[in-house]
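Analysis of the macromolecular model
Chain by chain, the residues run as shown.
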Amino acid sequence: MTKFQNSKPYDLEERTFQFAKAVRIFIKTLPKTIANIDDGKQLVRASGSVGANYIEANESLSKKDFLLRMKISRKEAKESVYWLRLIHETNNLMNGNDAQRLMQEAIELKKIFSSIVEKSK
């Protein structure tokens, strides 16, 4: 069972790391079907990219680069929701609540990145 804490870290680097980690733990619980393997790979890439691009944004050399990386983080969070939803709705998961918690976290991250982008313009 994936343990995704309700007390979310304030530090977004840590929060995005914990999200990607929780996704990887969740993926290990899925039945080994062709669809789950392919969808899981996409989800692992998207969830890891959320944090990686956030770190890149913080190290950016220009405002334009910062905004680009933040928008990519937002896009990857949104994509993570898609893959989680697809996996959740095409499997009879014993840990469906974990999938829903992960979807909620991805949605919250997307909203945070959207807010940062809007305030940075």
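These lines cover the structure that appears in this document, whether it is placed above or below. (Residues numbered from 1 in each chain as written. Predicted model: local features only at pLDDT ≥ 70, side-chain atom pairs only at ≥ 80, totals over all residues. Heavy atoms only, no water.)

Judged by side-chain charge, Asp-11, Glu-13, Glu-14, Glu-56 and Glu-59 come together as a negatively charged surface patch. The topology assignment puts Glu-59 in the loop between helix H2 (34-58) and helix H3 (63-89). Relative accessible area serves as the criterion here: at 59%, Glu-59 is assigned to the exposed category. (Patch = residues over 30% accessible without salt bridge, like charges linked within 9 Å, V, L, I, M, F, W, Y side chains within 5 Å. Areas by Shrake-Rupley, 256 points an atom, 1.4 Å probe, with all protein chains shown as cover. Salt bridge = Lys/Arg side-chain N within 4 Å of Asp/Glu carboxyl O. Lys, Arg positive; Asp, Glu negative; His and termini not counted. Charge placed at Lys NZ, Arg CZ, Asp CG, Glu CD. Helix = DSSP H or I, 4+ residues; strand = E, 2+ residues; numbered from the N terminus. Buried < 20%, exposed > 50% of the residue type's maximum accessible area, 1.4 Å probe, protein only.)

Angle between the axes and distance between the axes: these two values describe a pair of packed helices. Viewed as axis vectors pointing N to C, H2 and H3 meet at an angle of 160°, and their least axial separation amounts to 8 Å. The orientation of H2 with respect to H3, classified from their angle, is roughly antiparallel. As for the relative orientation of H2 and H3, their crossing is left-handed in sense. (Axes fitted to C-alpha atoms, helices over the stretch in contact; angles between N-to-C directions. Parallel < 35°, antiparallel > 145°, perpendicular 65-115°, else oblique. Left-handed = near helix turned anticlockwise from the far one by under 90°.)

What follows covers the packing of H3 against helix H4 (residues 96-120). Axis separation between H3 and H4 bottoms out at 9 Å; the angle between their running directions is 160°. When the interaxial angle is binned, H3 and H4 end up roughly antiparallel. By crossing handedness, the relation of H3 to H4 is classed as left-handed. The residue makeup of the contact of H3 with H4, split by class, is 15 nonpolar, seven polar and six charged. (Nonpolar A, V, L, I, M, F, W, Y, C, P; charged D, E, K, R; others polar.)

Attention shifts here to the environment of Thr-33. Here Thr-33 is to be found in the loop between helix H1 (12-27) and H2. Given a relative accessible area of 36%, Thr-33 falls into the partly exposed group. Separated by 3.0 Å, the side chain of Thr-33 and the backbone nitrogen of Asn-36 make a polar contact. (Polar contact = N/O pair within 3.5 Å; in protein donor to acceptor, adjacent residues only side chain to side chain.)

Moving on, we come to H1. For an α-helix, 3.6 residues make a turn, and residues three or four places apart therefore share a direction. In this model H1 runs 22 Å from its N-terminal to its C-terminal C-alpha over 16 residues, within 8% of the 22 Å that 1.5 Å per residue would give. Elements in contact with the buried residues of H1: H2, H3 and H4. Between a side-chain oxygen at the N-terminus of H1 and the backbone nitrogen of Glu-13 the separation is 3.1 Å; the capping residue is Asp-11. (Expected span 1.5 Å × (residues − 1). Contact = heavy atoms within 4.5 Å.)

Looking now at the environment of Ile-72. Considering the arrangement of structural elements, one finds Ile-72 in helix H3. Classification of Ile-72 as partly exposed rests on a relative accessible area of 21%. It is 15 Å that separates the C-alpha atoms of Ile-72 and Gln-42, two residues lying 30 residues apart in sequence.

Structural measurements only, silent on function.
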